[in-house]
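# Observations on the three-dimensional arrangement
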Amino acid sequence: MTVLFIRPVVSILAQARRSNSAKVQVKLLQGLLIQPLFSSTTGGVRSIHTAKSSSAKTTVCNMEEGGGNTPTVAAGVEARQDEKDYGSWDRESLVKRVKQLEEELKRRETSSSSSSKEQEKTKTPSTAASTAGTTNGNANGNSNGEKSKKERKAAGENSKKVFDPSRYETRMIALKLAYLGKNYGGFEYTQMTNVPTIEEELWKALVKSCLIFPENPDVIDFSPFEYAKCGRTDRGVSAFGQVINLRVRSQKKVDKRKKVLQSPEQDGSTATGEQQKGDVEMKDAPPAEPATKQVKESTWDPIHGEIPYCKVLNRLLPPDIRILAWAPNPPPNFSSRFSCRERQYRYFFTQPAFSPPPASLASPALNNGWLDIDAMRQAAKLFEGLHDFRNFCKVDPSKQITNYERRIFESDIVEVKDTGAALPYLTSAGYSPHPGVTDGGALPKVYYFHVRGSAFLWHQIRHMVGILFLVGQGLEKPSIVSELLDINANPRRPAYLMADEVPLVLWDCIFPKLDPSESGAAPRDREEDLHDPNAQINLDMKDDGIEWLWCGEQASSDLHGHTGLLNQSWEYWRAKKMDELLSAQLLNKIAGQVDVTRSSNSLEKSSNGKVGKGAVEPQKIFKGGNRGELLGPYKPVMKKDRLESPAEQHDKWARSKGFASAEEMKKIPGWHKLVRANKRKAADAGIEAETASSNGGEAASVAE
């Protein structure tokens, strides 16, 4: 009987291990978690899921050495588990769960085997009972049936001090963070990626440091913590000024003299008659304390007496994610998404864009990697102002966006000074660039496309940069920007390529100081005027309305200490700098092996024009990556095939969801929820079918 249950589970675990797809792993685990396992009772079965209960959650925290009285270690929660929740678990938690299930299976198999052997032995009932009691006592660490320390450690249990979050108040803060996005699947968490996301790493650090107390730490859900983010960067995109806000634990302890403490929802608002979620009821409140202690509590410093949030989180985050500052007092109704008035992006590139061929092999009609910076700057200026950018973005039909107008405050091409990345071979006689392309000096030069705007569409920056690179290579004129911005003449976007994602950086997010008349307004209402063509907008918003407490201002050791932010960042930079230095030396050595001005036969142009010995370099298209792409003969943008218009894409998507059209779909109240519900039903049906198929196959195998 045991085999009938054990084998399907082991099979599914093996499938989950072999699969590289997070989505497939989730489905396999869901199939696993609904498998009944034997209970210790003979002939009985039970689900491995814990039934929903109202038991209070307990959090275990260890005090990190050198961290003062700030708990910065793991939080474990006895949370309710439901099979539907596994779709929102992160990859690391799923793997951990698989290991726990494997240990459970091994333990049950060992227990079953031991029981069979004991039954074969001829013992008196009293002797068998005594032997079983001794065996169980040794296995569990003592005769009382308690688990040993080793077993508790294997099961992930912690006997350390239990941390009680109800003793501390909470506060709304904003965090300014930076990250290098090359190794991440974007900022926003999704289970449909094989690489971690920034939000996933933030969640783990926040939970482990006991700054938030989710009902189930394995389920990434920021909604209970009044969370918002300013920018949702895509996979591979970095940020040096991303901003989030959320409610976290404070170092300030609650006032035990009060019978009922205010909840986060009661700050600045009137509580309902029903006790708000998060309220802590203090029964049998102690009498009033002496005045001396009251004075001591009233002088608690909300800055220097607070948890060093930057320091705590930076200790737990990966080295390519850093918390730069935190804001102790965000404005009322603050939302890092809707309160932001300006977002700044920078897209970095080199001059030349890729390694150019020697002058003797270069075609006079092509720039061969050298970019016309002046032409790019001329085209970039055409983006400024309020325009419809539907031809400079990717349409997401599920969003059903109808307004593609966005305001660009500034758009320019800027040179980065003192990059220290000189490659001497680029200035040698054989590789000299075309006249007028560069003004001399060390090469390569580094530039960035600088753009400031109120908000941006999906992949808007990368589409803008893709067109600028075509202009810089002389393949398009700067006027191509004006043509694509004219949606009346061009309502459908040509199928041109957008730029690569890695060089793009969300440089900063600006929150200007608000007038007293605006401070109480909802963030969404303050955002509307940014897209109004008749609105008077301050385009020079240099002063940030958020009073940031930068890392090092709360305590200098947080920045300059041995484990401070500056030293951590230096270590990470130096490792990358050594990679750059060695690769630059290797590149120069390779380029200097052959004297391109002295060779003869090897540099003669072939008569048939084919690529090979003595052939002219073919046309390469630069898209922002590490090399030029060979895409064949260039086809002008306005002659490329046209994509479907946004309206056509919206209708097509609506029909795929069972609606007659997008217009008919929008007439249904709550159509978003209806689409999500149908999607969940389809996913559940697929999982059930896959599980049934797996169980049927395993049962047939056992029967054989």
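Reading the values: the criteria
- Residues numbered from 1 in each chain as written.
- Predicted model: local features only at pLDDT ≥ 70, side-chain atom pairs only at ≥ 80, totals over all residues.
- Heavy atoms only, no water.
- Helix = DSSP H or I, 4+ residues; strand = E, 2+ residues; numbered from the N terminus.
- Buried < 20%, exposed > 50% of the residue type's maximum accessible area, 1.4 Å probe, protein only.
- Contact = heavy atoms within 4.5 Å.
- Areas by Shrake-Rupley, 256 points an atom, 1.4 Å probe, with all protein chains shown as cover.
- pLDDT = per-residue confidence, 0-100.
- Salt bridge = Lys/Arg side-chain N within 4 Å of Asp/Glu carboxyl O.
- Phe/Tyr/Trp six-rings, centres within 6.5 Å; stacked < 30°, edge-to-face > 60°.
- Lys NZ or Arg CZ within 6 Å of the ring centre and 35° of its normal.
- Pairing = 2+ DSSP bridges.
- Polar contact = N/O pair within 3.5 Å; in protein donor to acceptor, adjacent residues only side chain to side chain.

Let us now look at the overall build of the protein chain. Each helix and strand counted, the protein chain has 17 helices and 14 strands in total. Among the 704 residues that make up the protein chain, the fraction classed as buried is 41%. Here the analysis covers contacts within the protein chain between residues at least 6 apart in sequence; of these, 74% occur between residues at least 24 apart. A total of about 38500 Å² of accessible surface is found on the protein chain, and carbon and sulfur atoms cover 51% of it.

Let us look at the confidence of the model for the protein chain. Residues of the protein chain with pLDDT of at least 70 account for 62%, and the chain-wide mean is 74. Predicted confidence is poor over residues 600-614, with pLDDT under 50, and the contacts of this stretch with residues over four places away or in other chains come to 19 contacts.

Turning our eyes to something else, we now look at the pattern of salt bridges. According to the stated counting rule, one finds 22 salt bridges in the structure shown. We note a salt bridge from Glu-104 to Arg-108, for which the minimum N-O separation is 2.3 Å. Here the residue Glu-104 and the residue Arg-108 both occupy positions in helix α3 (residues 91-120), the gap between them amounting to 4 residues, near one helical turn. Of the residues examined, Arg-108 reaches a relative accessible area of 13% and is grouped as buried. Arg-377 serves as the salt-bridge partner of Asp-374, at 3.5 Å between the closest nitrogen and oxygen. Here the residue Asp-374 and the residue Arg-377 both occupy positions in helix α9 (residues 373-381), the gap between them amounting to 3 residues, near one helical turn.

What follows is about helix α8 (residues 309-316). Since there are 3.6 residues in each turn of an α-helix, residues three or four apart along the chain are aligned in direction. Residues of α8 that are buried include every one of Tyr-309, Cys-310, Val-312, Leu-313 and Asn-314, and no others. Here the buried face of α8 lies against β5 (168-179), α6 (198-208), β7 (238-253), β8 (321-327) and α14 (565-591).

In this section: unusual backbone geometry. Geometrically, the link from Gln-351 to Pro-352 is a cis peptide bond, its omega value of 10° lying close to zero. Structurally, the position occupied by Pro-352 is in the loop between β9 (342-351) and α9. Although it is not a glycine, His-459 adopts a positive phi angle of roughly 60°. Of the residues examined, His-459 reaches a relative accessible area of 11% and is grouped as buried.

Going through the model one piece at a time under the given rule, you end up with 20 aromatic pairs. Grouping aromatic residues by their ring pairs yields a cluster made of Tyr-347, Phe-349, Tyr-447, Phe-469 and Phe-622. The positively charged end of Arg-346 is found above the aromatic ring belonging to Trp-507, 4.0 Å away from the centroid.

Turning our eyes to something else, we now look at the pairing of β8. Walk down a regular strand and you will see the side chains alternate between the two sheet faces. Burial within β8 is extensive, with 6 of its 7 residues counted as buried. Where β5 lies against β8, 6 bridges are found, and the strand directions are antiparallel. From the neighbouring strand, Tyr-179 faces β8, where its bridge partner is Ile-321. Pairing of β8 with strand β14 (residues 549-550), which is carried by 2 bridges, proceeds in the antiparallel orientation. Each residue of the ladder has a partner; that of Trp-326, found in β14, is Leu-549.

Residue placement: Gly-236 occurs in the loop between β6 (228-229) and β7. Given the relative accessible area of 3%, Gly-236 is considered buried. For the pair Gly-236 and Thr-197, spaced 39 residues apart in sequence, the C-alpha to C-alpha distance is 10.0 Å.

Counting buried positions over the 12 residues of β5 gives 10, a clear majority of the element. Inspection of the sheet shows β5 paired to β7 by 10 bridges, in the antiparallel sense. Counterpart to Ala-174 in the pairing with β7 is Asn-245.

Now for α6. Counting buried positions along α6 gives 9 out of 11 residues, so the element sits mostly inside the fold. If you check which residues of α6 are buried, you get Ile-198, Glu-199, Glu-200, Glu-201, Leu-202, Trp-203, Ala-205, Leu-206 and Val-207. Looking at the residues trailing α6, positive phi occurs at Cys-210, about 60°.

Moving on to the environment of Arg-492. By secondary structure assignment, the location of Arg-492 is in the loop between α11 (480-485) and β13 (504-510). Judged by relative accessible area, Arg-492 falls into the partly exposed class, the value being 34%. What Arg-492 contacts, discounting residues up to four positions off in sequence, is Asn-391, Arg-642, Leu-643, Glu-644, Ser-645 and Glu-648. Only 2.8 Å separates the side chain of Arg-492 from the backbone oxygen of Leu-643, close enough to count as a polar contact.

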